[in-house]
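Listed below, chain by chain, are the residues.
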Amino acid sequence: MQLNDSQQKAVKHQKGPLLIIAGAGTGKTTVITERIKYLIKKEKLEANNVVALTFTEKAAGEMIERLDQVMPYGYEEPWICTFHGFCERILRLEGLEIGLSPDYKILTTPQEWILLRKYVFELGLKHYAPLSSPNRFIHSLIKFFSRLQDEDVNESELEPFLENNEKILLLRQAQDQDDAIKEEIEKYQELFRAYKKYQELKLKENVLDFGDLITWTLKLFRERKSVLAKYKKQFKYILVDEFQDTNFAQLQLIKLLAPPEENPNLTVVGDDDQAIYAFRGSSVHNILDFKKHYPGACEVVLTTNYRSGQPILNTAYSSIIKNNPDRLEQILQIDKKLIAARGRKLPVPAVFEVETQEQESDFVVEKILELVGQDYTYKDVAILARANNHLDQFVAAFRRAGIPYQLVGNRGLFDQDEVRDLLFFLKVAADPCDQTSLFYLLHNQVFEIKPEELLNLLTQAKQNSMPLWQLLSEKASSLSDYKKIVGYIAKAQEQDTKKPITEILHDFIHASAYLNQYLKEDSIENQLKLKNINLFFNKLKVFDNDFPKASLADVVEYFDLLQEAGENPAQAQIEDIDTVSLLTIHAAKGLEWPIVFLVNMVSDRFPSRNRSDGLEIPDDFIKQKLPKGDAHLQEERRLFYVAVTRARDYLFAVYGKDYGGARAKKASGFLSELGVDMQSWQPKSGQLSWLTQMQGVSAPQPRKVLDGKLQLNTLSYSQIDTYQTCPLRYKYQYVLQVPTRPTHNITFGSTIHNTLQKFHRFEIKDQKPDLTTLLHIYEKEFQTLGYESEAHRQKRFEQGKEALTNYYHHYQEQFEGKPQSLEVSFRLQLDHTPLVGRIDRVDNLPNGGLELIDYKTGKTREQKEVDKDEQLSVYSMASQQIFGKIPEILSLYFIDDGVKVSTTRTAQQLEKIKEELIQVVEKIKSADFEATPGFICSFCPYNQICPFAVKV
């Protein structure tokens, strides 16, 4: 890859701290991945000597994907993860050092809300848990507690604060001074005591929130110097991406691993002009003050932009300089103005004013059709807004105009009809007298009840003063359609508490052929609906694992609480389909499109109004200095800068003067900062609305799949195995993501793998776990999904217990010693597609060779089957690259029978298998999903919906 001079300087920097200031579109991710490649290949570092930390899972995934493209086949991954992922990995390994149980669970923010709601009366709250509305301040409390964690505030700092304020309070009471000050002090005392109590409750429940991951890792490193020394020695080079998005606590973590006084090999990459996450606790001052923390740091400024045309870059710069002097450009006296690498003349960004909200949508539709009719596709277009609800008008407009679209990185899974229908079913099964849920459930087209018939049912129920469910049940005796519906509900109630909720709902969607309505036509909309259903089932599986004995009423209450807590996960998206993207500017960070529309560009919407957190932490605990200018306006301007620099060729900013309401809207002040003239847009003469004149105008058809191929980010061996079994099954499972009923074989296999991995982790740390420890881990890890009955589940549990007891007494006879490694991750390049996986266990042999072990549950295989096992061949290829040698022994250990069957592979065999796997990958990429029906259909989870299934 050809790097420019500044990029080369950054990549090849040798020793000491380095600050890379990477403007938008300057190849930041390329520089990071090339630097990691340089350190491993040229400087001969081991992969685990490099750690790269970033802000989001998305960014970490992109870094890994880019690294796959520049590293050799089968390389071992360095530690590339988010800060939270890094800390979780450390705490799972070392948490016992400070009394933290390594089997803790991590709470999402909505789960925090539920936990606080459960204990709200145990927190000692008065002002913040009024009896009239005890849950009123829970969101604010979570935010307040999180801010304390972001600022690395510990209990030793809280006590002096409380004591000092108590003295002030007593003094003022004696002088009979301001009651408002007295009340404020009392409120802080209440909040800090609640915070301490909440920390105790989380330990009691063995749960941590995301902020705790950083807090506990800081505690570990500060209190256990030997552990800190171990990781300082391991991580010879530390890279931090998106450094402008880190918070104060994360900065302290970096400084522990890379102390400034030791002139560490620390590389941080970021751009202060793209710091847009203050609402999550990040501090732009981490990057602004980096050279104060590391005064000897070298700096490299990347200003060659490979994305946008120069006119776009000029307008972005003319806006962002309004944030001076709180910018690195002035602080370090450097030039940050971006220079376009693209020489082609491109249009100047355009700002349009329209009269109404409807005209704004019409303008956007007209421009999209105009450009897509030329050389662009729908996938080249993005609509960016400051807030989610600003996108609603464009969803409606695109539907009317026939423009394919996706809401990307958005909320709203629980609002989608296909998911709401399943929630309505659960609510009716839990309480058939829930008339509203029953009405909406019956409205689903799968039941084929006409609207007039449904209204007639409601009228009859009202006239006879009877519940709708009672009327439906009475009519079920003579009408088959109603009988089916009543039967579905009755079956679910019969299974209540006897089966996991996932299985109850899965039985319903297959008995009712609920999914068939989305399988009839292979459209973008139907694919998204199936993926949304799958996402919802994933949520249910988590619930079932957390609450294995839950009832239908329990799951309804849980999801009601989640939604009350503000949980509404992102909808599904399809990356390789030709659609317009609609998303917020925050979700657009790191992305780019040839054509970008910035919409709703009016005052009070963008920049938004400055809303406080409600409960602000005291200034005593804010450990970063405050900017000289208006912090909120500066943050909003940086967000605007991010939005503008997402565009490659065309940038349109548009706003309407009338969005409803009494007053006309004014243009956002940011528009005038662009330095371009405002234009007015009017519908064609005499036209009320462009969209009303759509007759005879058809939107260009979207391209089915880009470059005629399925886009594969990664593959697993199980995916390849599924495709080889039946390509159509692969499509159902991995492309459409049609949910399947959990199977006890997979569930039990996962239980055993997790149990042995945690058990042998003690051995790696030179501890001697006993049988009681092994069985305790097994009991905690036992997953309950997929079993036919409680009796079946209990019998399998006892069999597993017996098998593990036998394993404990004999495993040391069958293995040479303690494992060298557990759960070894690998990524093999097959036709430029990463094949990812994990090897259960790697052991050293006395002669210096390696043995790779994969644990299996179920029937023991014959030697000839193991000799041909393709997955073991994949593991052998991974070993060849990770450890530099083919393993001498490849073993499958069958837990149920306590038998180990071993085999070997030669280099010639591996080369042949690699070529065969590449051919399979090529077929998958070509979207060849022809069914291969036969005896295997009887074992396929999709045999009820597959039109080609052979009925045995």
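Nothing here was measured: the structure is a model prediction, and the numbers come from that model.

Asker: Please provide a residue-by-residue account of the overall build of the chain, values included.
Answerer: Within the chain one finds 37 helices and 23 strands. Against the globule reference of 30 Å for 952 residues, the chain gives a C-alpha radius of gyration of 30 Å, in line with a compact fold. Here the chain, with 952 residues, has 55% of them falling under the buried criterion. Counting contacts in the chain only where the partners sit at least 6 residues apart, residues at least 24 apart contribute 79% of the total.

Asker: Please set out the pairing of strand β2 (residues 50-54) residue by residue, giving values where relevant.
Answerer: Most of β2 is tucked away, with five of its five residues classed as buried. Alternating residues of β2 divide into Val 50, Ala 52 and Thr 54 and Val 51 and Leu 53, and every residue in both groups is buried. Pairing of β2 with strand β6 (residues 237-240), which is carried by four bridges, proceeds in the parallel orientation. Counted as the bridge partner of Val 51 is Ile 238 from β6. Looking at chain direction, β2 and strand β3 (residues 79-82) are connected through four bridges and run parallel. Pairing of Ala 52 across the sheet is with Ile 80, part of β3.

Asker: Please provide a residue-by-residue account of the packing of helix α33 (residues 771-781) against helix α34 (residues 790-814), values included.
Answerer: Where α33 meets α34, the closest approach of the two axes is 10 Å, and the angle between their N-to-C directions is 150°. Judged by the angle between their axes, α33 and α34 are roughly antiparallel. Of the two elements, α33 crosses α34, and the hand of that crossing is right-handed. Contacts from Leu 771, Leu 774, Leu 775, Tyr 778 and Glu 779 of α33 reach α34 at Arg 796, Phe 797, Gly 800, Lys 801, Leu 804, Thr 805, Tyr 808 and His 809.

Asker: If you had to explain the sheet that holds strand β7 (residues 266-270) to someone new, which residues and values would you point to?
Answerer: If you trace the six strands from one edge of the open sheet to the other, you get β3-β2-β6-β7-β1-β8, paired in parallel fashion. Two strands lie at the open edges of the sheet, namely β3 and β8 (298-302), each paired on one side alone. Strand after strand, the sheet turns through a mean of 15° between neighbouring axes, direction not considered. Bridging between β6 and β7 involves three bridges; their strand directions are parallel. Among the inter-strand pairings, Leu 239 is bridged to a residue of β7, identified as Thr 267.

Asker: Describe the packing of helix α9 (residues 210-223) against helix α11 (residues 248-257), with residues and values.
Answerer: Two elements in contact, α9 and α11, have axes whose closest approach is 10 Å; the angle formed by their N-to-C orientations is 30°. When the axes of α9 and α11 are compared, the pair comes out roughly parallel. The crossing of α9 and α11 is left-handed. Where α9 abuts α11, its residues Ile 214, Thr 217, Leu 218, Phe 221 and Arg 222 lie against Ala 249, Gln 250, Gln 252, Leu 253, Leu 256 and Leu 257. Looking at the contact of α9 with α11 residue by residue, the class counts come to seven nonpolar, three polar and one charged.

Asker: Any details on the pattern of salt bridges? Residues and values, ideally.
Answerer: Inspection of every chain in the model, using the stated rule, returns 47 salt bridges. Between Asp 152 and Arg 222 there is a salt bridge; the shortest N-O distance is 2.7 Å. Of the two residues, Asp 152 sits in the loop between α6 (138-150) and α7 (155-174) while Arg 222 sits in helix α9, which places them 70 residues apart along the sequence. Residue classification places Asp 152 among the buried residues on the basis of a relative accessible area of 11%. Three or more residues are tied together by salt bridges with common partners; here these are Asp 271, Asp 272, Asp 273, Arg 327, Glu 329 and Lys 336.

Asker: Give me a positive patch on the surface: which residues, what numbers.
Answerer: Taken together, the side chains of Lys 12, Lys 41, Lys 42 and Lys 44 define a basic patch exposed on the protein surface. Along the chain, Lys 42 falls in helix α2 (residues 28-42). What makes Lys 42 exposed here is its relative accessible area of 61%.

Asker: How would you sum up a negative patch on the surface? Please name residues and give values.
Answerer: There is a patch of like negative charges on the surface, built from Glu 448, Glu 452, Glu 453 and Asp 481. Secondary-structure assignment places Asp 481 in helix α22 (residues 480-495). For Asp 481, a relative accessible area of 36% corresponds to the partly exposed category.

Asker: Give me the side chain of Asn 286: which residues, what numbers.
Answerer: Structurally, Asn 286 can be placed in helix α12 (residues 285-288). Owing to a relative accessible area of 0%, Asn 286 belongs among the buried residues under this scheme. Only 2.9 Å separates the side chain of Asn 286 from the side chain of Thr 246, close enough to count as a polar contact. Apart from the residues lying within four places of it in its own chain, the contact partners of Asn 286 are Phe 243, Thr 246, Asn 247, Phe 248, Leu 251 and Gln 624.

Asker: Mind laying out the packing of aromatic side chains, listing which residues take part and the relevant values?
Answerer: One pass over the structure, following the stated rule, counts 59 aromatic pairs. Note on Phe 439 and Tyr 440: the rings are 5.6 Å apart at their centroids and 70° apart in plane angle, and the pair reads as edge-to-face. Judged by relative accessible area, Phe 439 falls into the partly exposed class, the value being 21%. The class of Tyr 440 is partly exposed, set by a relative accessible area of 38%. Counting every residue linked through ring pairs, the aromatic cluster contains Phe 352, Phe 363, Tyr 376, Phe 597, Tyr 650, Phe 652 and Trp 681. Above the face of the Trp 79 ring, Arg 89 is positioned so that its terminal group lies 3.6 Å from the ring centre. A cation over a ring is seen here: Arg 605 above Tyr 659, with NZ or CZ 4.5 Å from the ring centre.

About the criteria used
Residues numbered from 1 in each chain as written. Predicted model: local features only at pLDDT ≥ 70, side-chain atom pairs only at ≥ 80, totals over all residues. Heavy atoms only, no water. Helix = DSSP H or I, 4+ residues; strand = E, 2+ residues; numbered from the N terminus. Rg over C-alpha atoms; globule rule 2.2 N^0.38 Å. Buried < 20%, exposed > 50% of the residue type's maximum accessible area, 1.4 Å probe, protein only. Contact = heavy atoms within 4.5 Å. Pairing = 2+ DSSP bridges. Axes fitted to C-alpha atoms, helices over the stretch in contact; angles between N-to-C directions. Parallel < 35°, antiparallel > 145°, perpendicular 65-115°, else oblique. Left-handed = near helix turned anticlockwise from the far one by under 90°. Nonpolar A, V, L, I, M, F, W, Y, C, P; charged D, E, K, R; others polar. Salt bridge = Lys/Arg side-chain N within 4 Å of Asp/Glu carboxyl O. Patch = residues over 30% accessible without salt bridge, like charges linked within 9 Å, V, L, I, M, F, W, Y side chains within 5 Å. Areas by Shrake-Rupley, 256 points an atom, 1.4 Å probe, with all protein chains shown as cover. Lys, Arg positive; Asp, Glu negative; His and termini not counted. Charge placed at Lys NZ, Arg CZ, Asp CG, Glu CD. Polar contact = N/O pair within 3.5 Å; in protein donor to acceptor, adjacent residues only side chain to side chain. Phe/Tyr/Trp six-rings, centres within 6.5 Å; stacked < 30°, edge-to-face > 60°. Lys NZ or Arg CZ within 6 Å of the ring centre and 35° of its normal.

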